[in-house]
Amino acid sequence: MAAAAAPVCVLVLGMAGSGKTTFVQRLAAHLHGQRCPPYVINLDPAVHSLPFPANIDIRDTVKYKEVMKQYGLGPNGGIVTSLNLFATRFDQVMKFIEKRQNASKYVIIDTPGQIEVFTWSASGTIITEALASSFPSVVVYVMDTSRSTNPITFMSNMLYACSILYKTKLPFIVVMNKTDIIDHSFAVEWMQDFETFQDALNQETSYVSNLTRSMSLVLDEFYSSLKVVGVSAVLGTGLDDFFVQLSKAVDEYEREYRPEYERLRKTLEKVQNKQKRDQLEHLWKDMGTVCMQGNTLAGSDDASAMGPSELILTRGTLDEEEEERESDTDDIDHEVTEESHEEPAFRNFMQETRMKYQRRSNQNE
Ligand SMILES: Nc1nc2c(ncn2[C@@H]2O[C@H](COP(=O)(O)OP(=O)(O)OP(=O)(O)O)[C@@H](O)[C@H]2O)c(=O)[nH]1
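Before going into details, it helps to say that this report is about the structure given with it. (Residues numbered from 1 in each chain as written. Predicted model: local features only at pLDDT ≥ 70, side-chain atom pairs only at ≥ 80, totals over all residues. Heavy atoms only, no water.)

## Considerations on the packing of aromatic side chains
Right, so step 1: Applying the stated criterion to the full structure yields 12 aromatic pairs.
Right, so step 2: For the pair Phe-242 and Phe-243, a centre-to-centre distance of 5.4 Å together with 80° between the ring planes defines the contact as edge-to-face. The pair formed by Phe-242 and Phe-243 is uniform in burial state, with each residue classed as buried.
Right, so step 3: Both rings, one in Tyr-253 and one in Tyr-257, keep their centres 6.5 Å apart while their planes meet at 5°; by these two values the pair is stacked. Of this pair, Tyr-253 and Tyr-257 both sit in helix 13 (residues 239–298), separated by 4 residues, roughly a single helical turn. (Phe/Tyr/Trp six-rings, centres within 6.5 Å; stacked < 30°, edge-to-face > 60°. Buried < 20%, exposed > 50% of the residue type's maximum accessible area, 1.4 Å probe, protein only. Helix = DSSP H or I, 4+ residues; strand = E, 2+ residues; numbered from the N terminus.)

## Points about the pairing of strand 6 (residues 172–177)
Right, so step 1: Counting buried residues in strand 6 gives 6 out of 6 residues, a clear majority hidden from the surface.
Right, so step 2: Residues Phe-172, Val-174 and Met-176 line one face of strand 6 and the alternating positions Ile-173, Val-175 and Asn-177 line the opposite face, and both faces are buried.
Right, so step 3: Judged from the 6 bridges that link them, strand 5 (residues 137–144) and strand 6 form a sheet pairing that is parallel. Bridge pairing in strand 6 links Val-139 to Phe-172.
Right, so step 4: Regarding the hand of the β-α-β motif, the stretch spanning strand 5, helix 8 (residues 151–168) and strand 6 is right-handed.
Right, so step 5: Looking at chain direction, strand 6 and strand 7 (residues 227–230) are connected through 4 bridges and run parallel. Of the residues in strand 7, the one forming a bridge with Ile-173 is Lys-227. (Pairing = 2+ DSSP bridges. Right-handed = clockwise from strand over helix to strand, strands pointing away.)

## Points about helix 3 (residues 64–71)
Right, so step 1: Within the span of helix 3, buried status applies to Tyr-64, Val-67 and Met-68. Seen end-on, helix 3 carries its buried residues on one side only, within an arc spanning 100°. Turned more than 90 degrees away from the buried face of helix 3 sit Lys-65, Lys-69 and Gln-70, all of them exposed.
Right, so step 2: Once helix 3 ends, the next one or two residues include Gly-72, with phi positive near 60°. (Arc of directions from axis to C-beta.)

## Considering the nonpolar core
Soluble, globular proteins show a tendency: their nonpolar side chains are buried together.
Right, so step 1: Of all hydrophobic cores here, the largest spans 59 residues; its most connected members are Ile-41, Leu-131, Tyr-141, Phe-154, Met-158, Phe-172 and Phe-222.
Right, so step 2: For this core, the element with the most residues is helix 8, which contributes 9 residues.
Right, so step 3: If we ignore the near neighbours within four places in the chain, the residues touching Leu-131 are Cys-9, Leu-11, Phe-90, Met-94, Ile-97, Ile-109 and Ser-137.
Right, so step 4: Counting 29 residues, the second-largest nonpolar core is a separate cluster that includes Val-8, Val-47, Ile-173 and Phe-243. (Core = buried A, V, L, I, M, F, W, Y, C linked by side-chain atoms within 4.5 Å. Contact = heavy atoms within 4.5 Å.)

By themselves, these observations are geometric and do not establish any function.
Written as structure tokens, this is what we have:
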């Protein structure tokens, strides 16, 4: 039987209220409809209620309110600490995913509402790297299109997306959500046509608009390779296009990211192997000192050629004479002290026996 392909991990990120959870729910429902049930993971410890059944829910492991109480933290600190605590056990999550890889083609991960909790935390990096080093992984940045009609807000959103792309270094899809409110074509046009974006900016006269003008030039390169999909998570439109982009992103992962992860993995393995070798050498050197002592006694001069177990054996096979001498030396003090106690007692005993014997022989006479 052919080995099942590794599941694709879809990390759903986005600003608070952009529609991440609704999008995850919609994706899960869509995949269930295709008889391809996904493996769903919720990493938001503070979410009130989930509109979808999660296979792994951080709330089952970490009680966010308890964490706040115990560590005396506010809501944000509580979320960060909960995610940190959960990250320490992420190896178990990885095992669950590995076990499920025959049953689920996709692993969908919903992240905390406060995006920076995931994107700028150590735990976010640990989780992302753990996933990306084992499975094809794609970042999906959900954006509220209806709240991005202002060119400056749009630019801020894009800069954020860009920073996440450079931080995660993973294939990236921008999901322009809530297209039932406003079509995302205006945003696509802004990204493709610099002049149109400049026209929109001309309506703005603030200092920020000048900055945005310069930034949009910088972002040109970012836009050119970006995968953008318009979606309505509420209505479920745009999902077919989303899966087309997802499959392109997976190809990109295999082509560009996997070799890099493999290279990193090999470098790490090399470093770890070298560390192990160094430690072993260190151990051998330590044991070698013992062996040198043993060898002086045993008469062998090739100490470095032996492994630790041989060295231990060497120590146990001393010359009989030497062994005796060593054991004699060990026992000497012990015997001397015993004898020193025994001598007067023995003299008394001899005296008493002699007297008894004389008494008896006198009686017999
Ligand atoms: N009109 C419309 N509303 C949407 C859409 N997707 C989500 N919403 C609404 O946007 C609001 C936020 O949606 P959520 O899915 O909770 O967003 P979120 O990003 O998970 O929110 P946090 O976890 O709090 O950051 C809800 O009221 C949703 O009903 C959409 O496609 N169209």
